[in-house]
Structures are given as structure tokens and as C-alpha cells.
Amino acid sequence: MTDALDLDDIQAGALHERPSPYVGTYVLLRVNDAHDGRRLIRRLIPLLSPARSVLDATPSAWMTVAFTYQGLQALGVPQESLDSFAPEFKQGMAARAAELGDVGDSGPDHWEEPLGSTDVHIALATLAPDQASLDELVERARRAQDEFPGIDVIWRQDCHQLASGRTSFGFRDGIGQPAVEGVGTAPTNPGEPPIKAGEIVLGYPDETGGLPPMPTPDVLGRNGTYVVFRKLHTRVAAYRSYLREQAANRREEALLGAKMVGRWQSGAPLALAPDADDPELGADPKRRNDFLYRDDPRGLKCPAGAHARRANPRDSLDHDAVDVRLHRMIRRGTSYGTALPDGVLDDDGVDRGIIFVFAGAHPGRQFEFVKTQWLNDGIFIGAPQESDPLVGPQDGSGTFTVPRHPIRRRLRDIPPFVVTRGGEYCFAPGLRGLRWLADLTEESR
Amino acid sequence: MTAEAPSRPGLQVGPTSEFSLFFHVKPGHGEALRESLEALQAAPGYRPGDYDLPIGTIHEARFVPFDNDTRLLFATSFDGSWDAYMLDFASKPLKLFDAIFQNVEGYDGLPDLEAVKDFIRSAQLTAGGYSRNYGGTVKEIRKAERVNKAFQQVLDDPEAAELLQAPALAPLLAEASD
Ligand code: HEM
């Protein structure tokens, strides 16, 4: 086995940065007839881009195809192979709800249909820098879907970057990403050497030095990656009102907002710009991710409980039994819904938020670990009572500690700002894996 | 958030869970095991009085050879879900225990982390009872120690009695008389 990444086989989505600006469309399909499902895959393969093609030059649009456990089953994948997938994937996201903190308003019984149901089989994610290119590729995929009566389109979500270039809460996102060995893109954080390819793509050594557990047969598992998507509604008016109530003035409002995230709205990190936003820094891809937390153990610049410091503590936990490199992930989130106009504090009833997308080889120790141990829980920072102030499963009684000279500030009664509308664990095979799926016959069961 | 997570093995009290591993010592390795335990005990961080175990989230740790050194117990109290951190243990602190585990059955050592994980899981038994005398995590206890030390320093200052009369300091004054 060679360790060189097979960029001609890996689907582009996991390894290619989202363009900016971007537009995107997510489509979910149900396979009522295995034969039609396999024929559809055959028709979709020519529309897909291998990673190499997009790393060399950004194409006009690219699509990623992924399957749920139910989807693989509906296509006639043999049980032995189904059994070989990661346990979280086999259970599905709805079954993991209690574990993930998806309770109350975020619970699966409140999810948007058909998310979390056994009807979700195939997920198609298409991204493009402009609407015309997106429409063209989505339309080509739609024509393929329409050819097969055994396929139903059961959900569609359109996404686009807001005019501000920011997400609904007002922050630039998608900044903190690990570089992946063998892809050739330089790390944006020189303090974090590229992670092993096997952390993101199956079939290659990972950070443990071994090979990640890979589904069988080899042709299906190799060059595949797990994809987690979640539709996360953001309560922007509640968020703005809360900050307004806590702050004496606009400047403090912006500061508290930044303390919650770990970055200013422009993207400038508190670690480098502790006192005031620095839009130039926020816009500079070379500098805005070049930092560690070792000079700030008490969190006076960036609180230990800030979202980005929780999600990637960098060197904060070097003295604990934690190997942060085992808990990194590729994020490909996109925004949906219109922006709440500046200054509006009343809820206009519009559904807006992000489609959170994770790509990685280990849904358990990457996505679920970060979500449960670091975002939902505060034990690791010595604050068991606190969860992530921005995205944690708040029940309205939570606190957030902002270290400060001379006396720390403690925000109280934090309402939930993010509500899970649903999601799914998927698997995106390599192109050979897709061909294998397309070639399945009734006898292979 | 310390909600009981159903799949988390080990009994939990507040943020802390008990973690006990029972190993079989390889035949004839009793003496070597004792030597490796003594070496660990002499290592920086583990020495009595160092209070600086390289795993910042355990309250204490003990290795107990028993049944004439044919068995070995490792017992500790861990802040958080040790099951979630299993690979982290295997990847970082395990190296310190490597010399000890060389003397027990079923341990092949690194680099096969998945095998090490199975080795640990198969040795784990959940307690029949587990109680604690304080609720904090190691990080909170350390903070509390620092705060108390600072408070005692303040009390040693002759001006403390007067300054602590300020109404906002009433809770501190209540702790100042002994
Ligand atoms: C609606 C929900 C969420 C919002 C609005 C949000 C927003 C943000 C923002 C503004 C940043 C800082 C900019 C950046 O580095 O990209 C960030 C970073 C990050 N977020 Fe989230 N996030 C959300 C949910 C999540 C979830 C569910 C996870 C993981 C389970 C996550 C993981 C991360 C990671 C890993 C980083 C990068 C940290 C770093 O490398 O410094 N986020 N997020």
C-alpha cells in the first residue's frame, strides 16, 4: 500500500475549500428501488469531481455524493459490509440525540421532516462560486434523478453566503481548519503541522500511527470519508437582545460577542487582537489563524470557554492527557436563510442558520468527541457547569465566565441561541467505491 | 453540564468517574512488576509531594499488586468520560505506564492504539459502589487551593480586619475567624 493520497479517486468535497462567495444546494433522496438507485449512481459519477481536478483549479461547480446507513442498505450493500461501518454511522444521528445534547427543542421529535428518519438515503451536496454554475450542475443531477421512478427527492436546502460574507450571528467563519498531509495546501496555523491524511480520508495512516478502522470491502471503504451534516437554526434576535442587555454600549456588545466566539466578527482572533477588532487582520488568511494559547492560560485574552477555543484548544491542553490532533475535523458549513437586518432585535420568524458539515475519518473521536466533551461539557476546562455559550445546549440557566482584569465577568442565564433542526451521518465513498455500488447485483447480498 | 450519559461506563459522581482496571501479571513477572512500579513512583510528578501527575484530570492513582503479585489493580478517579478519552490515554500518558504493562497479559504496546484500547477496555470493571467527599474537578480544586492560599495571605496582613468589614466582603469575613 502506498501512502500517497489517491487524489484521482477521492471526492473533492472534503479536501477542497469552500469558495467565497459561494452558493450551495443540498438534496436528499430516497431509494425505493435498489436497481434504480444503482443506475442513478452510475449516471451521477460523471458529474463528480475527483479531488485533484479541484485542487489544481477551482471548477465552476462540484458535487459530493454520500449515503446514510439506510441508503447503503437500500442499494443492496451486503450485511457483512454494512456491519463494518463506524457505530455512530450505523445508529444514525437521531439515535445519538441524547448523547449529542439534541434534546428539548433540538430533539428529533421536533426535527424538520424527513431529517433523522429512515427515508434519508442519499445526500447530494453541490457548491459553486456563482448561481448559474450551481444551477447547471444541480439541474444535470436532477435530470438524472428524474429518469428513475424508484428515486424520490425528499428534501432540498439552498444555501448562500450572506452579502456581508459572514454567518447569521455576524461572524466570518470557516477559518480554523487543519491542513491535511499530502494535499499540498500549507497550514494556516504554522503552530499546527498538517494532520495525517488518515484523520480525514480512510485507507491511510492516521495520527495514531495505524490505519483508521475501514469499512469493507476495501474498494468501498478506501478513499471514503464520513460526512456529518446538521441543520442548525440560529436565534439571531435572541442573541442580539441578550448581548444588548448585558452590555453598557456597542463597544462592549462587540467585545462580549467576540469573547463568546474567540474571534471578532471580522475573523480577527482574540489571541492576536485582545482589545479591539482588527478588520485587516481578520481579512488576512496568512495571519488570522497563526496563533496558540500558551501565553494565555487564564483566558484573559480568549476565554477557555469561547466557542473556537473549546472546539480547537490548540496547545491549551498540552498538560492534560489529551492529544488534540485526535480531535480535529474539516468543516464545510454554509449559511441558509436571509440575514436579519442590522440592528433588528425582534424575531422576524425567518428560519436562518448554518448547514454544519463535518468531514473526517472518525465520526466518534472527532465530531462526537468535540461536540460532547468540549462544546456541551465544561469539565475539561474546570467549569463543569458551563457549556459553549454560542452553540451549547443551553437551558436558560447557564453561565459563561469571561476572565478580565481586575475581576472576571460572569454572564448568566444564557438562552439557547442554536436549535438543531435535524441531521444525519453519511459516508462519501471514493469514485471506485461508487462504481462498486453501481455494479452491485441482487446476488451480491 | 453533567447530565448522566447512559453509555458512559464507570460510576459517576458529579463530573468525576471511577476507573478501575484489573490485569493478570505474566507468570514470573512479579518482581519486574514491583521494580517498574518503584521506578514510576520515583519519576518526576509521581514522587510523593510532587502533586503533578502528567494526566491533569485524575484526582489520584494507585497500582495495587495482589494475589501474590499475580494480579494488578489500577484504580483512579477521572474528571469527565474516560471512555471518550481512551485513545488520548493510549496515545500520550500510556508511554509512562509502558514499563509496567509490559509485565501483564494482553499488552502488545504501541503503536497499535486500537489494540491498546481493547486491552484497557477488557481490563475495566465498574465499581459496585462509588462515593466522593468533594464535588470539584482537579482544575477546580487547584483553583480553590490557590484562592485559599491567597486568602490566608490577606488574613496575615494587619490591615485585613478593617478591610474585610466592607459589606461586599461579608462572605469572606465569615470565613476569616478560624
Ligand atoms: C450554529 C452553530 C455554529 C456556529 C454559528 C459556529 C460558528 C463558529 C465561528 C464564528 C467560528 C470562528 C471562525 C472559524 O475559525 O471558522 C467557529 C470555529 C469553529 N467551530 Fe463552530 N460554529 C457552530 C457549530 C459548531 C459545531 C457543532 C462544531 C463541532 C462539533 C464546531 C466546530 C468548530 C471548530 C473546530 C472551529 C475552529 C476552531 C479553531 O480552529 O480555532 N462549530 N465556529
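Treat the numbers as computed from the prediction; the structure is a model and nothing was measured. (Residues numbered from 1 in each chain as written. Chains lettered and ligands numbered in written order. Predicted model: local features only at pLDDT ≥ 70, side-chain atom pairs only at ≥ 80, totals over all residues. Heavy atoms only, no water.)

Colleague: Can you explain the coordination of the iron atom of the ligand? Please cite residues and give values.
Modeller: Looking at the iron atom of the ligand, one finds just one donor atom contributed by the protein, His307 of chain A (NE2), at 2.1 Å. Summarising the element assignment, His307 of chain A is placed in helix H13 (residues 307-311). (Donors = N, O, S within 2.8 Å, 3.2 Å for Na, K, Ca; no water. Helix = DSSP H or I, 4+ residues; strand = E, 2+ residues; numbered from the N terminus.)

Colleague: Tell me about the packing of helix H2 (residues 34-44) of chain A against helix H8 (residues 131-146) of chain A, residues and numbers included.
Modeller: Residues and elements named next belong to chain A. Running from amino to carboxyl end, H2 crosses H8 at an angle of 155°, the nearest separation of the two axes being 9 Å. Judged on the interaxial angle alone, H8 and H2 are roughly antiparallel. In the crossing of H2 with H8, the sense of the turn from one axis to the other is right-handed. In contact with Leu40, Arg43 and Leu44 of H2, H8 contributes Ala141, Arg143, Ala144 and Gln145. Taken together, the residues of the contact of H2 with H8 break down into four nonpolar, one polar and two charged. (Axes fitted to C-alpha atoms, helices over the stretch in contact; angles between N-to-C directions. Parallel < 35°, antiparallel > 145°, perpendicular 65-115°, else oblique. Left-handed = near helix turned anticlockwise from the far one by under 90°. Contact = heavy atoms within 4.5 Å. Nonpolar A, V, L, I, M, F, W, Y, C, P; charged D, E, K, R; others polar.)

Colleague: Help me get a handle on the site of the ligand, residues and values and all.
Modeller: Residue and element names in this part refer to chain A. In the region of the ligand, 24 residues are neighbours, and Gly174, Ile175, Gly176, His307 and Arg314 sit closest. In this structure, an oxygen atom belonging to the ligand sits 3.5 Å away from a side-chain N or O atom of Arg263. Asn312 places a side-chain nitrogen or oxygen 2.9 Å from an oxygen atom of the ligand. Secondary structure elements with two or more residues in the shell around the ligand: strand S5 (225-234), H13, strand S8 (353-360) and helix H14 (363-375). (Near = heavy atom within 4 Å. Polar contact = N/O pair within 3.5 Å; in protein donor to acceptor, adjacent residues only side chain to side chain.)

Colleague: Kindly report on the pattern of salt bridges, identifying the contributing residues and their values.
Modeller: Residue and element names in this part refer to chain A. Summed over the entire model, instances satisfying the criterion amount to 38 salt bridges over all chains. Arg222 serves as the salt-bridge partner of Asp218, at 2.9 Å between the closest nitrogen and oxygen. A residue is classified by how much of its surface remains accessible, and Arg222, at 22% relative accessible area, is partly exposed. Residues participating in the shared-partner salt-bridge network are Glu112, Lys231, Asp351 and Arg421. (Salt bridge = Lys/Arg side-chain N within 4 Å of Asp/Glu carboxyl O. Buried < 20%, exposed > 50% of the residue type's maximum accessible area, 1.4 Å probe, protein only.)

Colleague: So what's going on with the packing of aromatic side chains? Which residues, and what values?
Modeller: What characterises a pair of aromatic rings is the spacing of the ring centres plus the angle enclosed by the ring planes. Within the structure shown, the criterion is met by 31 aromatic pairs over all chains. Clustering of aromatic rings is evident, with ring pairs tying together Phe369, Trp374 and Phe380 of chain A together with Phe19, Phe78, Trp82, Tyr85 and Phe89 of chain B. Positioned over the ring face of Phe291 of chain A is Arg314 of chain A, at 3.8 Å from the centre of the ring. (Phe/Tyr/Trp six-rings, centres within 6.5 Å; stacked < 30°, edge-to-face > 60°. Lys NZ or Arg CZ within 6 Å of the ring centre and 35° of its normal.)

Colleague: An account of the domain arrangement of chain A is needed here, citing residue identities and associated values.
Modeller: By convention, interface size is frequently given as the accessible area that disappears when the constituent parts associate. Residues and elements named next belong to chain A. Looking at chain A, the domain boundaries give domain 1 (12-229 + 430-439) and domain 2 (233-422). For domain 1 and domain 2, the distance between their C-alpha centroids amounts to 25 Å. Each side of the interface is counted separately: domain 1 has 63 residues, and domain 2 has 65 residues. Carbon and sulfur atoms make up 54% of the area that domain 1 and domain 2 hide from each other, which totals about 5,400 Å². One can count seven salt bridges joining domain 1 with domain 2. Here Glu368 and Arg96 are joined by a salt bridge, their closest N and O atoms 2.6 Å apart. Linking domain 1 to domain 2 there are 33 residue pairs in polar contact (both at pLDDT 80 or more). (Domains from an automatic or database assignment. Buried area = accessible area lost by both parts, 1.4 Å probe.)

Colleague: Can you tell me about a positive patch on the surface, naming the residues and giving the values?
Modeller: On the surface, a cluster of positive charge is contributed by Arg298, Arg408, Arg410 and Arg412 of chain A together with Lys143 and Arg146 of chain B. The residue Arg146 of chain B is located in helix H5 (residues 138-155) in this model. With relative accessibility at 53%, the residue Arg146 of chain B sits in the exposed group. (Patch = residues over 30% accessible without salt bridge, like charges linked within 9 Å, V, L, I, M, F, W, Y side chains within 5 Å. Areas by Shrake-Rupley, 256 points an atom, 1.4 Å probe, with all protein chains shown as cover. Lys, Arg positive; Asp, Glu negative; His and termini not counted. Charge placed at Lys NZ, Arg CZ, Asp CG, Glu CD.)

Colleague: Explain the side chain of Asn189 of chain A to me, using residue names and the numbers behind them.
Modeller: Residues and elements named next belong to chain A. Turning to its location among the elements, Asn189 is positioned in the loop between strand S4 (151-160) and helix H9 (218-221). The buried category is assigned to Asn189, whose relative accessible area is 4%. Within the structure, Asn189 has its side chain in polar contact with the backbone nitrogen of Gly191 (distance 2.9 Å).

Colleague: Describe the domain arrangement of chain B, naming the residues involved and giving the relevant values.
Modeller: By the assigned domains, chain B splits into domain 1 (12-125) and domain 2 (138-173). Placing a centre on the C-alpha atoms of domain 1 of chain B and another on those of domain 2 of chain B gives a separation of 38 Å.

Colleague: Provide a residue-level description of the UniProt feature "domain: DyP dimeric alpha+beta barrel" (unreviewed entry) in chain A, including the pertinent values.
Modeller: This chain's UniProt record puts "domain: DyP dimeric alpha+beta barrel" (unreviewed entry) on residues 57-141 of chain A. Between the end C-alpha atoms of residues 57-141 of chain A there is a gap of 22 Å, over a span that is 35% helix and 15% strand. (UniProt positions renumbered as here; feature names shortened; annotations may be inferred.)

Colleague: If you had to explain the interface of chain B and chain A to someone new, which residues and values would you point to?
Modeller: Listed per partner, the contact involves 28 residues of chain B and 28 residues of chain A. For the pair chain B and chain A, the summed buried area comes to about 2,200 Å², and 53% of that belongs to carbon and sulfur atoms. Linking chain B with chain A are one salt bridge, by the criterion used here. The residue Lys139 of chain B makes a salt bridge to Asp320 of chain A at a minimum N-O spacing of 2.6 Å. The interface formed by chain B and chain A contains five residue pairs in polar contact (both at pLDDT 80 or more). Elements supplying a minimum of two residues to the side of chain B that touches chain A: helix H2 (86-91), helix H4 (113-123) and H5 of chain B. Top element by residues in the side of chain B that touches chain A is H2 of chain B. It accounts for four residues. Class assignment of the residues belonging to the side of chain B that touches chain A gives a composition of 13 nonpolar, seven polar and eight charged.

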